[in-house]
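Listed below are the residues making up each chain.
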Amino acid sequence: MSGDVCIVGIGIHPFGRTDGVSGLDQGVNAVRSALADAGLEWPDVQFAYGGSDSAGNPDTMVERLGLTGVQFINVRNGCAAGGSALFSAQMAIKSGEFEIGMAVGFDKHPRGAFNALPSEYNLPEWYGDAGYMITTQFFANKITRYMHEYGISQTSLARVANKAFRNAVHADHAWRREPVDIQTILDAPLVSDPYTKYMFCSPAEGGVALILASEKKARELGKPLIRLKSATMRTRPPGSFEVFAPSIDIGGGKASATRIAAADAFRLAGIGPEDIDVAQLQDTEAGAEIMHMAENGFCTDGDQEAWLAEGRTEIRGALPVNTDGGCLACGEPIGASGLRQVYENVVQLRGDGGGRQVPGNPKTAYTHVYGAPGVSAVTILER
Amino acid sequence: MQVTRHAIADGLFTDEAQPRLIGGQDRDSGRIVFPCPPGDRFAPVPLSRTGTLWSWTIQRYRPKSPPYTGPEAFRPWPVAYVELPGEVIVEARLTNVEFDAITIGMPLELTLIPLDPDAAEPVLIHAFQPAGTEA
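The notes below deal with the structure included here. Since this is a predicted model, take the numbers as computed values, not measurements. Along each chain, the written sequence defines residue order, and numbers are assigned to residues from 1. Chains and ligands are labelled by the order in which they are written, letters from A for the one and numbers from 1 for the other. Where local features are concerned, this predicted model is filtered to residues with pLDDT of at least 70; where side-chain atom pairs are given and counted, the filter is 80 or more; whole-chain, interface and lining totals use all residues. Water and hydrogen atoms were dropped before computing side-chain values, which therefore reflect all heavy atoms in the structure.

This part takes up the interface of chain B and chain A. Here, two residues are considered to be in contact whenever any of their heavy atoms come within 4.5 Å of each other. Taken residue by residue, the interface counts 41 residues in chain B and 37 residues in chain A. Values labelled buried area give the accessible surface lost by two parts on being combined, using a 1.4 Å probe and summing over both. For the pair chain B and chain A, the two sides together bury roughly 3,200 Å², of which 58% comes from carbon and sulfur. The working definition used for a salt bridge is a side-chain nitrogen of Lys or Arg within 4 Å of a carboxyl oxygen of Asp or Glu. Seen at the junction of chain B and chain A, the total is two salt bridges. Here B:Arg60 ties to A:Asp193 by a salt bridge, and the two come within 2.6 Å at their closest N and O atoms. N or O atoms closer than or at 3.5 Å make up a polar contact, with two conditions inside protein: a donor-capable atom paired with an acceptor-capable one, and, for residues adjacent in sequence, both atoms drawn from side chains. At the junction of chain B and chain A, the tally comes to 21 residue pairs in polar contact (both at pLDDT 80 or more).

Attention shifts here to the environment of B:Phe74. By the criteria applied, helices consist of DSSP H or I runs no shorter than four residues and strands consist of E runs no shorter than two, each listed in order from the N terminus. Residue position: B:Phe74 is located in the loop between strand E4 (50-59) and strand E5 (77-84). If we skip the residues at most four places from it in the chain, B:Phe74 touches B:Gln59, B:Arg60, B:Tyr61, B:Arg62 and B:Pro63.

Put simply, buried Ala, Val, Leu, Ile, Met, Phe, Trp, Tyr and Cys residues joined by side-chain atoms within 4.5 Å make one nonpolar core. Only protein chains enter the accessibility calculation, which uses a 1.4 Å probe; a residue is then buried when its area is under 20% of its type maximum, exposed when over 50%, and partly exposed in between. In terms of nonpolar packing, the biggest core is built from 132 residues, with A:Tyr366 and B:Phe128 touching the most fellow members. Residues in contact with B:Phe128, not counting those within four places in the same chain, are B:Leu21, B:Arg49, B:Val82, B:Leu84, B:Val90, B:Ala92, B:Arg93, B:Leu94, B:Thr95, B:Leu108, B:Glu109 and B:Leu110. A:Ala30, A:Val70, A:Val104 and A:Ala213 belong to the second-largest nonpolar core, a separate cluster that totals 28 residues.

Let us now look at the sheet that holds strand E10 (residues 278-281) of chain A. Residues and elements named next belong to chain A. Strands pair, by our definition, only if DSSP identifies at least two bridges between them. Spatially, nine strands are ordered E3-E2-E4-E7-E1-E8-E12-E11-E10 in an open sheet, and the strand pairing comes out mixed. Each edge of the open sheet carries a strand with a single partner, namely strand E3 (71-75) and E10. Adjacent strand axes in the sheet meet at a mean angle of 20 degrees when their direction is disregarded. Of the pairings in the sheet, the one linking strand E2 (residues 47-51) to E3 comprises five bridges and is parallel in character. Paired with Gly 50 across the strands is Asn 74, a residue of E3. In this description, a line fitted to the C-alpha atoms serves as the axis of each element, helices being fitted only across the stretch in contact, and the angle between N-to-C directions of two axes falls anywhere from 0 to 180 degrees.

By rolling a water-sized probe across the atoms, one finds the places where empty space is left. Residues and elements named next belong to chain A. Cavity means a closed set of points on a 1 Å grid over the protein atoms alone, one where a 1.4 Å probe fits but cannot get out, pocket means an open set with protein on both sides within 12 Å along at least 5 of 7 lines, and lining means a residue has an atom within 4 Å of a point. Grid points are joined across faces, edges and corners, and a volume is the space filled by probe spheres set on the points. With the rule as written, the count across this model stands at three cavities of 30 Å³ or more. The calculated volume of the second largest cavity comes to roughly 40 Å³. What lines the second largest cavity is Phe 138, Phe 139, Lys 142, Glu 285, Ala 288, Met 291, His 292 and Tyr 370. Elements with a minimum of two residues in the lining of the second largest cavity: helix H5 (135-150) and helix H10 (286-295). In this classification, Asp, Glu, Lys and Arg are treated as charged, Ala, Val, Leu, Ile, Met, Phe, Trp, Tyr, Cys and Pro as nonpolar, and every other residue, Gly included, as polar. The residue makeup of the lining of the second largest cavity, split by class, is five nonpolar, one polar and two charged.

Right, let's get into H5(A). Residue and element names in this part refer to chain A. How far a helix is expected to stretch is found by multiplying one less than its residue total by 1.5 Å. Over its 16 residues, H5 extends 23 Å from the first C-alpha to the last, a length consistent with the 22 Å expected when each residue adds 1.5 Å. Of all 16 residues that make up H5, 13 are buried, and the element is covered over most of its length. Note on H5: the residue one or two positions beyond its end, Gly 151, has a positive phi of about 65 degrees.

Here we come to the pattern of salt bridges. All names here are of chain A. Summed over all chains, the structure comprises 31 salt bridges over all chains. Taking the shortest distance from any N to any O, the salt bridge between Arg 145 and Glu 149 comes out at 2.9 Å. One end of the pair is Arg 145 and the other is Glu 149, both in helix H5 and four residues apart, which spans about a single turn. Judged by relative accessible area, Arg 145 falls into the buried class, the value being 18%. A salt bridge links Lys 254 to Glu 149; its shortest N-O distance comes to 3.3 Å. Here Lys 254, found in the loop between strand E9 (247-248) and helix H9 (257-269), pairs with Glu 149, found in helix H5; they are 105 residues apart in sequence, far enough to count as distant. Residue Lys 254 is classed as partly exposed on the basis of its relative accessible area, which comes to 41%. Look at Glu 149 and you get partly exposed, because its relative accessible area is 30%.

Another point: the packing of H9(A) against H10(A). Residues and elements named next belong to chain A. Across the interface, H9 lies against H10 with an axial gap of 9 Å and an inter-helix angle of 45 degrees. Between H9 and H10, the interaxial angle falls into the category oblique. For the pair H9 and H10, the sense of crossing is right-handed. Where H9 approaches H10, its residues Thr 258, Arg 259 and Ala 262 are matched on the opposing element by His 292, Ala 294 and Glu 295. Geometric relationships in this document are graded by angle, where less than 35 degrees denotes roughly parallel, more than 145 denotes roughly antiparallel, 65 to 115 denotes roughly perpendicular, and other angles denote oblique. For any helix crossing, the convention is left-handed if the near helix is rotated counterclockwise from the far helix by under a right angle, and right-handed if that rotation is clockwise.

In structure tokens:
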């Protein structure tokens with residue numbers, strides 16, 4: 001096909017806790033906002049991909065939105081569900097089959113940690129019986145090793161969390177919008193060493209919808225052209241260290257789904273990390289943002305210590321990262337999280353960020369989402 | 001033998017006075033994983049009883065049940081990855097060690113511990129302790 005796939009409408013239901021509103025209805029709310037933003041009606045949408053992990057089947061949205069007979073595919077891909085939905089949606093337009101479609105994600109999780117079951121991850125029952133089916137154990141082990149190898153301090157972890165809450169003050173859709181100082185973050189109770197409670201995000205609720213169109217349709221709609229230059233989704237390579245791993249290969253832990261998804265995304269977009277103006281990187285915990293800075297190619301392993309001390313990832317820094325507070329401040333509704341990142345990037349590229357707007361009219365924006373049991377999705381947008 | 005009668009699962013460690021974890025070796029590539037997956041592709045192999053600490057954290061809240069089947073009473077425990085030289089890095093609890101004495105690279109040896117220390121006939125899970133710890 002000629003031209004790029006463009007994002008012509010965005011909608012979000014605030015993240016956090018919304019008692020009395022189902023996850024599905026938060027998604028429906030986001031869809032209606034996105035349609036209004038695009039100047040379209042539901043019957044204009046030719047197809048949809050929807051992600052939800054624990055709030056029901058996304059295709060049941062048609063009961064609220066209208067029984068138009070639309071083709072609607074449910075996506076379940078761990079924390080990368082939203083990114084995977086978007087990847088699939090853009091392929092449907094790229095193929096030339098459709099001109100207008102939707103990627104939507106929503107979720108609503110019970111309070112407390114995610115309670116995954118071994119049978120869902122090809123693991124033996126004893127692994128869960130003994131208390132290993134816990135994502136926080138993996139993330140803490142991964143950062144402990146990384147800090148040891150590359151000289152990252154716990155203060156750097158606190159700087160990431162501190163930045164998230166400061167950025168979120170200006171994001172209407174964020175959950176935790178109170179600044180927390182670095183010392184408070186460091187002195188808070190440990191959840192899984194070296195992470196204190198402020199360094200982990202929490203399972204949450206929320207919904208996001210994106211309307212995609214062919215470039216031709218986008219021009220007809222008269223919207224600013226936000227081009228989806230690439231959207232990639234990859235699974236884990238050999239030697240990677242992933243959530244719920246009972247063992248790792250010797251010498252492993254460095255390869256990752258993120259590295260290959262990122263490399264693919266840059267190759268398809270024809271630009272490099274140095275060309276990116278703003279990035280949303282998966283930060284389910286503070287160390288994830290640090291490690292993902294390197295895994296996505298923005299710096300080398302260990303450089304993050306200086307990057308954070310010098311404020312290079314601040315909104316006014318060289319590479320603003322997680323401008324809406326990321327998962328740390330927004331919480332994580334699994335199905336919606338990856339699409340929130342893209343939503344935020346569209347806001348930034350349109351210049352609508354208000355108090356969190358990246359200065360200098362950013363032209364390129366990057367998202368990365370990572371999920372169990374070792375999947376990553378990346379997008380690159382260009383204005 | 002008394003030890004294996006209460007193992008949390010069959011095929012996880014050997015029935016020896018000094019038990020060893022049982023890994024699985026890919027018959028084609030030689031790659032070793034833990035635990036040994038079902039099927040013909042992996043051959044069961046006993047793993048080294050000793051290794052070094054690769055990484056660690058402390059589990060500081062009680063995991064949700066299901067799937068966790070440990071005691072209601074909760075005491076924090078270390079979860080580590082232990083490198084068995086030339087074989088594989090395995091996830092395991094640490095035991096018989098003060099939290100502030102845990103360091104990457106420390107020599108460790110395998111032991112079996114009860115999932116619920118207060119149970120009359122507790123199931124046993126694998127753990128590593130500092131090498132040379134008195135039984």
